Amino acid sequence: MSSHLRKIFKTVLLSAALKIFLISGAVAGTVLPQNASDIHLGVTSCAGSTCHGATTPWAGSTVLQNEYMTWEQYDPHSKAYSVLMNKTSKKIAANLGIGKAHEAKICLDCHADNVPKNKRGRVFQISDGVGCEACHGGGQRWLGLHVSGVGTHEDNVKAGLYPTEDPVKRAELCISCHFGDETKFVTHRIMGAGHPRMSFELDTFTAIQPAHYKIDSDYRKRKKVANGIQTWAIGQAMSLERRMDAVLDPKRNRDGLFPELVLFDCQACHHSIIEQKWEPRPGTGLGPGVVRFDDSNLLMLQIIVSDIDKEKGARLVQQTKMLHKATTESESKYLAAAKALKKTSSELVTLFSNHKFGKKDVAKLLKGLVEKANKAEFSDYVGAEQAIMGISSVLSTADRMGMKSFAKSAKKAVDRAYLALSKYDNWDYVGFKSAVRSIKTTP
Ligand code: HEC
Ligand code: HEC
Ligand code: HEC
Ligand code: HEC
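What you see is a predicted model; the values in this text were computed from it and never measured.

A. Broad picture of a nonpolar patch on the surface. Taken together, Leu257, Phe258 and Leu261 make up a surface patch of nonpolar side chains, about 340 Å² in accessible area. Take Leu257: it is sitting in the loop between strand 1 (254-255) and strand 2 (258-259).

B. Looking closely at the coordination of the iron atom of ligand 2. Around the iron atom of ligand 2, the protein supplies His136 (NE2) and His212 (NE2) as donor atoms, at distances of 1.9 to 2.0 Å. Coordination at the iron atom of ligand 2 comes from six donor atoms whose angles at the metal span 87 to 180 degrees, giving a geometry best classed as octahedral. A residue pair is termed long-range when its members are at least 10 positions apart, and His136 in helix 5 (residues 132-136) and His212 in the loop between helix 10 (202-208) and helix 11 (217-222) qualify at 76 residues. On the accessibility criterion, His136 (25% relative accessible area) is partly exposed.

C. Highlighting the coordination of the iron atom of ligand 4. For the iron atom of ligand 4, the protein coordination sphere consists of His188 (NE2) and His270 (NE2), at 1.9 to 2.0 Å. Coordination at the iron atom of ligand 4 is octahedral: its six donor atoms span angles of 87 to 179 degrees at the metal. Linking His188 in helix 9 (residues 188-192) with His270 in the loop between helix 13 (266-269) and helix 14 (296-308), this pair joins segments that are 82 residues apart in sequence. Given the relative accessible area of 30%, His188 is considered partly exposed.

D. Representation of the side chain of Lys372 within the structure. Tracing the chain through its elements places Lys372 in helix 17 (residues 359-374). Among buried charged residues, Lys372 stands out as having no salt bridge; its nearest opposite-charge side chain is Glu377, 6.1 Å away. When residues no more than four places from it in sequence are discounted, the contact partners of Lys372 are Leu299, Gln302, Ile303, Glu377 and Phe378.

E. The arrangement of the site of ligand 4 in detail. Neighbouring ligand 4 are His188, Met191, Gly192, Leu261, Val262, Phe264, Asp265, Cys266, Cys269, His270 and Val291. The side chain of His188 places a nitrogen or oxygen atom 2.8 Å from a nitrogen atom of ligand 4. Within the side chain of His270, one N or O atom sits 2.7 Å away from a nitrogen atom of ligand 4. Contributing elements (two or more residues each) for the shell around ligand 4: helix 9 and helix 13. Among the elements that take part in the shell around ligand 4, helix 9 stands out by supplying three residues, more than any other. Across the shell around ligand 4, the residue classes tally to seven nonpolar, three polar and one charged.

Procedures and definitions
Residues numbered from 1 in each chain as written. Chains lettered and ligands numbered in written order. Predicted model: local features only at pLDDT ≥ 70, side-chain atom pairs only at ≥ 80, totals over all residues. Heavy atoms only, no water. Patch = residues over 30% accessible without salt bridge, like charges linked within 9 Å, V, L, I, M, F, W, Y side chains within 5 Å. Areas by Shrake-Rupley, 256 points an atom, 1.4 Å probe, with all protein chains shown as cover. Salt bridge = Lys/Arg side-chain N within 4 Å of Asp/Glu carboxyl O. Helix = DSSP H or I, 4+ residues; strand = E, 2+ residues; numbered from the N terminus. Donors = N, O, S within 2.8 Å, 3.2 Å for Na, K, Ca; no water. Tetrahedral: all angles 85-135°; square planar, octahedral: opposite > 155°, others 65-115°. Buried < 20%, exposed > 50% of the residue type's maximum accessible area, 1.4 Å probe, protein only. Lys, Arg positive; Asp, Glu negative; His and termini not counted. Contact = heavy atoms within 4.5 Å. Near = heavy atom within 4 Å. Polar contact = N/O pair within 3.5 Å; in protein donor to acceptor, adjacent residues only side chain to side chain. Nonpolar A, V, L, I, M, F, W, Y, C, P; charged D, E, K, R; others polar.

Printed below as a string of structure tokens:
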């Protein structure tokens, strides 16, 4: 995460409020906006000055009404299409030999609301990038209903509005582009052509998007609100599930002789051979010279699960080791280990959806994170990056629950940890570890 994002995140760290979220079964089968059958009417349809296109928030309205301005001016999603015309994209497209990036399906599927032609309304423009309906669902059926103001939120959802407030549904949505799914995926070949590395954490990325909505008492009447820790936990479980889907997908899990490298820790290969950095990471059980699977989500999940259920936590530690071991043995063992973890990951989504994450979890989770740092488990950049986003999520949730002393006492340490991660190629592991160790885990 860039320092720019960090700044935005920190300002968000100290705002808003909390409520426990229990998943409603009603939305369990909702299809992602891109795959649903509704016509996408286009951003212009949402941006009328009396709808969501006001220049400033409206007093007395249930929603802010300036959502379009926020999206257009501050949200990177509104630039997602135009970046396909920049120098990096031109290089990526030339290296891959795919013609123009802004016309290539593989790029448009994530950088725009790339629904088929017959699902585009009259004023729909692909150049709007990741527009309102890419997240909120094609407006064909729900637009009229929600403009009339008679329907409830549930009615709108039944008419095709995507339930972005539901943490499980939000995780599925964001991760479909920020990691990929069976229809769109950034392979190591695309990375090799010049695509930036992708990282994701649901609660942090929700905070830095930035928000074009306000969670106030009126919002809480209309929608359920998940707290930040629950959002973090569900995001981790869903990320693991999608990663395991990729391992188990014969179209995505191999590239010739090699497994798909994007699923492995980039820095297991990409670092200097003169400056030797290897040291054992007990949780992997691996020796030197092995390409490590990217287990950053697993590291977070081990901590979150142990907080709730010690026995399940121990099982997850075991299954993580099995996966690492399997990568040194055979493809069939690798697939079997992934299958077991896929099953666990969906159980975890349910477990976290039904768990009330509250004040009692804060100290335990922070302790779990600091202990893992002490055991040298965050010596891979991706693990350290997930750890600091997780720590930020726990601290900002604690702050919103009124536990002010946690975030306040940890502020300097969090800043130092982010700073230690600011240079990807030459990150400061020692600095990161000492920063995390200094975080107080009791109020
Ligand atoms: C699976 C979804 C996915 C696919 C496929 C994809 N991208 Fe991306 N791309 C992303 C995401 C998400 C980011 C933002 C990563 C971040 O900052 O965390 C991104 C970032 C970028 C950036 C950097 C943007 C910036 O603001 O600096 C460029 C350039 C880019 N992509 C070009 C392409 C091109 C060209 C293609 C087609 C070959 C492509 N992408 C395919 C999801 C995707
Ligand atoms: C990258 C995904 C994404 C995009 C793009 C996006 N939104 Fe949202 N939107 C969200 C999320 C997440 C929420 C918060 C959860 C919720 O309330 O459903 C939200 C909430 C909202 C709300 C609810 C406010 C409330 O009080 O209930 C409105 C209205 C809204 N968005 C309008 C828009 C408009 C208009 C656009 C386009 C200009 C847009 N959104 C683009 C993800 C997105
Ligand atoms: C249709 C694909 C798509 C969906 C769905 C999507 N994103 Fe993105 N997101 C992108 C792309 C592409 C970029 C890079 C845009 C750029 O840099 O111009 C991006 C960029 C971002 C960034 C900026 C990251 C950075 O490093 O600068 C954040 C934060 C973000 N998305 C959060 C979210 C969240 C939260 C959700 C779910 C509510 C979400 N996104 C859903 C495609 C998507
Ligand atoms: C198993 C080892 C391995 C892993 C893991 C791996 N890569 Fe690579 N990567 C390579 C090799 C080999 C090349 C080709 C180098 C060459 O052509 O000189 C390469 C090339 C690249 C390049 C192009 C470099 C250049 O000089 O043009 C980029 C960028 C890249 N990888 C990014 C990544 C990212 C991001 C990840 C993690 C998500 C990753 N790689 C994981 C081995 C790996």
